[in-house]
Structure formats: structure tokens, C-alpha cells
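Architecture and fold: a report
Listed below, chain by chain, are the residues.
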Amino acid sequence: MHKTTLQYAKVLDKEDPLAYVREQFHIPTDQEGKEWLYFTGNSLGLQPKRTQQYINQELQDWAKYGVEGHFEGETPWLPYHEFLTDKMANIVGAKPIEVVVMNTLTTNLHLLMVSFYQPTKNKYKILIESDAFPSDRYAVASQLKFHGFDPREALIEWKPREGEELLRIEDLEELLNHQGDEIALLLIGGVNYYTGQFLDIKSIATLGHAKGCKVGIDLAHGAGNVQPDLHDSGVDFAAWCTYKYLNSGPGSLSGVFVHEKHAYNKELPRFAGWWNHNKKTRFNMRQSFDVMQGAEGWQLSNPPILSMAAIRASLDMFAEVGMEALRNKSEKLTGYFEFLIQQIDTDDIKIITPENPVERGCQLSIQVKNADKSLHHKLTEQNVITDWREPDVIRCAPVPMYNSYQDVFMMVEILKSLL
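Residues numbered from 1 in each chain as written. Predicted model: local features only at pLDDT ≥ 70, side-chain atom pairs only at ≥ 80, totals over all residues. Heavy atoms only, no water.

1. Considering the sheet that holds strand S10 (residues 364-368)
To keep it simple, the criterion reads: Here the rule is simple: two strands pair whenever DSSP picks up at least two bridges between them. By definition, any uninterrupted DSSP run of H or I lasting at least four residues is a helix, any uninterrupted run of E lasting at least two residues is a strand, and each is numbered from the N terminus. Interaxial angle, 0 to 180 degrees, is taken between N-to-C directions of lines fitted to C-alpha atoms, where a helix line uses only the stretch in contact. Whether two residues are in contact is decided by their heavy atoms: any pair within 4.5 Å suffices.
In space, the four strands of this open sheet follow the order S9-S10-S13-S12, with antiparallel pairing throughout. The outermost strands of the open sheet, each flanked by one partner alone, are strand S9 (349-351) and strand S12 (387-389). Strand-to-strand twist across the sheet, computed as the mean angle between neighbouring axes with direction ignored, equals 25 degrees. Judged from the three bridges that link them, S9 and S10 form a sheet pairing that is antiparallel. If you follow isoleucine 351 over to S10, its bridge partner there is isoleucine 366. Together, S9, S10 and strand S13 (393-396) form the strand contacts of helix H11 (residues 323-342), whose direction differs from that of S10 by roughly 15 degrees.

2. Re the nonpolar core
Here is the rule we go by: Take the buried residues of types Ala, Val, Leu, Ile, Met, Phe, Trp, Tyr and Cys, join any two whose side-chain atoms come within 4.5 Å, and each joined set is a nonpolar core. Burial status follows relative accessibility: with a 1.4 Å probe on protein chains alone, a residue under 20% of its type maximum counts as buried, one over 50% as exposed, and anything between as partly exposed.
Counting 65 residues, the largest nonpolar core has Leu127, Trp158, Leu186, Trp240 and Met401 as the members making the most contacts within it. At nine residues, the largest contribution of residues to this core is made by helix H10 (residues 305-321).

3. Examining the pairing of S10
When you tally the buried positions in S10, you get four out of five residues, the bulk of the element. The pairing of S10 with S13 spans four bridges and is antiparallel. Paired with leucine 364 across the two strands is cysteine 396, which belongs to S13.

4. A few points about the packing of helix H7 (residues 169-179) against helix H8 (residues 201-210)
Selection rule: Angular relationships are summarised with four words: roughly parallel below 35 degrees, roughly antiparallel beyond 145, roughly perpendicular across 65 to 115, and oblique for the angles in between. What makes a crossing left-handed is the near helix being turned counterclockwise from the far one by less than a right angle; a clockwise turn instead makes it right-handed. Just so you know the grouping, Ala, Val, Leu, Ile, Met, Phe, Trp, Tyr, Cys and Pro go in nonpolar, Asp, Glu, Lys and Arg go in charged, and all remaining residues, Gly too, go in polar.
One can describe the packing of H7 onto H8 by two numbers: an axis separation of 10 Å at closest approach and a directional angle of 10 degrees. Overall, the two elements H7 and H8 adopt an arrangement that is roughly parallel. The handedness of the crossing between H7 and H8 comes out as right-handed. Touching Ile169, Leu172, Glu173 and Leu176 of H7 are Ser203, Ile204, Leu207 and Gly208, all from H8. Partitioned by chemical class, the residues of the contact of H7 with H8 number five nonpolar, two polar and one charged.

5. Focus on the packing of helix H1 (residues 6-15) against helix H13 (residues 405-418)
Here H1 crosses H13 at 155 degrees, and the two axes come no closer than 8 Å. In terms of their interaxial angle, H1 and H13 are classed as roughly antiparallel. Where H1 abuts H13, its residues Leu6, Ala9, Lys10, Leu12 and Asp13 lie against Tyr405, Gln406, Phe409 and Met410. When the residues that make up the contact of H1 with H13 are grouped by side-chain class, the tally is six nonpolar, one polar and two charged.

6. Considering the side chain of arginine 360
Under the convention used in this document: Throughout this description, a polar contact denotes any pair of N or O atoms lying within 3.5 Å of each other; where both atoms belong to protein, one of them has to be capable of donating a hydrogen while the other can accept it, and for residues adjacent in sequence the pair is counted only when both atoms sit in side chains.
Note on placement: arginine 360 falls in the loop between S9 and S10. Take arginine 360: its relative accessible area is 0%, and that puts it in the buried class. A distance of 3.2 Å separates a polar side-chain atom of arginine 360 from the backbone oxygen of glutamate 355.

7. What about the sheet that holds strand S7 (residues 237-241)?
Within the open sheet, the seven strands sit side by side as S2-S8-S7-S6-S5-S3-S4. Their pairing is mixed. Whereas interior strands pair on both sides, the edge strands pair on one side only; in this sheet they are strand S2 (99-102) and strand S4 (155-158). Between one strand axis and the next, the sheet turns through 20 degrees on average, direction left out of account. Two strands pair when backbone bridges link them, and S7 and strand S8 (residues 254-258) are joined in this way by five bridges, in the antiparallel orientation. Of the residues in S8, the one forming a bridge with alanine 238 is phenylalanine 257. Strands in contact with helix H3 (residues 82-92) are S2 and S7; relative to S2, the strand with the most contacts, it is inclined by about 110 degrees. Its contacts with the sheet put H7 on strand S3 (125-129), S4 and strand S5 (183-189), and the angle it makes with S4 is roughly 150 degrees.

As far as function goes, none of this settles anything; it's purely spatial.
Put into C-alpha cells, the structure is as follows:
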């Protein structure tokens, strides 16, 4: 049983085997040098201290070698994306052939839908969760319009039940039983951005495939946060950003997963560029297009090295710490957070994130009755950096890489005083 004292939080930090990792990050401070209580890793992860060194190395090689940096230096640029593959694959539970880092998230979702959304006259609908992140909804609606369908009729929503916030897998099954013959694609957020619910990806894939649907997952709020085991799940594809839990910097590149079962299918429709052309003949400019095998076959252009250097810095940290250890701390951290929230003597707050730590990411979404964004502003004035989502939810992400139990204790004490 947890305790509600600062001393107890300090004991938990002292016993935390990952406490040392916090020192490897830049923690933002106010004008007086006081550290923020930073709970928005679900929007932008903090900067690892080693990131500057990794980027500086590429700047130095650019200065030293010019164009020859593609072949010279510590990390030649031509194969640079390959330096990221194995470690990224480990984070999302994939095989190296199934993963590549390229472009940005919504761009990649569109490129993947070119291949995996192949509507027919009778099977053309796309299913998303009702509270999907807006960019997913916009992307899917635009794909439907591009193919000549009306999103008002062809966009199907998997909704929570009346009076509930969380999705039930049996409701998805019922949806598919009724409309599965008309649905071509499921595109679902693996961890819902609003509630923090970690969905059963394998069950989603099984249900979708049973009805002949392709299944894709947006892991923007999952990669580096949960263990999605993408290969074993059987989903056809997935994509995620790297600037949230993967700490690679604002607007950084995206990761892509394409299941091994599609790795050698050169007949899949896709857009082409010279970077998904066979690397052995890529620089023989007179060759006809010869698509690469695996996820690399969805690349288009040579990658931005400075962004990839930041990703490499972060992935090296993940390899050192390990996803299993991070996930273990995450469940303990949100469990402690949940306990403290429940001790606040008021009926005005409610946690809408799943109670079972296995069914959530490192996020608690706190619903505050009759609140508005002024509460968020008051938290910010107290150096508590959270995420406000209309109409009345504070999203808080205690990230196991750099948040401490003391962070959580202090945040709840401040919230309590404001309530």
C-alpha cells in the first residue's frame, strides 16, 4: 500500500533502478532555475544530453568531408537509416526487415494507405476509433474522397458505449460482424491519445483479418511507451512519430512497420522514389524501377541526417535501458499517480484512463468536473507542464525515462491545492 508523504516518494526514487536515467536529460527550468514538473512527454519528449554530441558529429563530418560524408566519417550518410533499424525494431517488437525510419507520421500513413487501402465497389469503408487523433481522421477522410467515396457514409467509428469513455473489443467485433463485408481497412490508434487506453492490437488484427480487412495501427502514443509486439500481432502495417516518447526533437521523423508477410510482394501498389529502388543499382541512373524488399521498399527520398542523428541518440538510450525495464517502471509510476489522485477528497475529479496498468500507456487522463482551461493555466503558473484537452481533461504523462516519483507527488499536491 502506497503512502501519501513526500518522504515515501523519495524512498521510491531511491529504490528506482532507473532513477539514474533522469540525469541524462535536460529538464526545463523557469527563469529562476527551478525545474519544471514536466508531464507532456506524450506531446514532446525531453532532450537527451547526448543528442547535441550526435548532431555535432554529423555537422563536423559535413564540414570535413562535404559530399564525401555519404561514404566517409564515423557514420556514413548513405546507409544512415540502417543504423536505426535494429534498435527501433526492438522497441516495437518487430523484425529488422519490417521497420524503417522515414518521412513524418501522417505522410507515412498516406503512403501506407496507397498500398493497403484498395477499395472495391462493395468493400470500401474505413473504420477508425471515434476519438481518433484529428490528423488520422483527416487523412482517412481525404483518402476516401480521393477514391470517390463520401466520408459521411464510408467512415465507420468504433465508439465507447453510452456513458463510458473506453473502447470495448466486443463492440468492435459486433461492428465487423454487421459491416465487415463493406470495410476495407481498419486504422486504429494503438494507444488512444485522449484516454491513454492501450488497445489489444493482436485481437484487433484477428477480428479485422477474419473479415478480409487490412489492419493498420497508429502508434504515435505507443512507440517507446508500450510494447506493441507488432510482428506477433499480425497487423499489416503501423506508423509512429519519434518526437513524443522517443525523444528525438520537434517534428522529427517517423517510424514505419510493414509486416514480413508483405515484405517480398513487389506487386503491392505503392509510390516510388529512388530511395526505395534496389540499393545495389540505385546510382545507375538508367535502371528501371526495382523495389526493395521489406519496409525499406516504402522509402522515397534520401533521409535528413541531422534528424536521424537525434533519433540515433535516443535509440541508443533505449537500447541501454531496455523496454521491459521502462514498461515495468511506467506501470509502477502510473499506479502511484493513480493512488495519489484517488486520495484527493473531492467528487470533482475522475480518471478516465483504464484502471489496469497493463491496459494503459504512461498516461493518466484526469477529468475535472466544471473545469475549463483556466485550471491548466494555473498549473502552468506553478511550473506544472501538462496537456489540456477539451472539454475538461488534463492529460499527464509521467515518462519513466525522466519523471520521478517525487515529480508525481509534487504535481498532485499542486493540483490538490488548486482544486
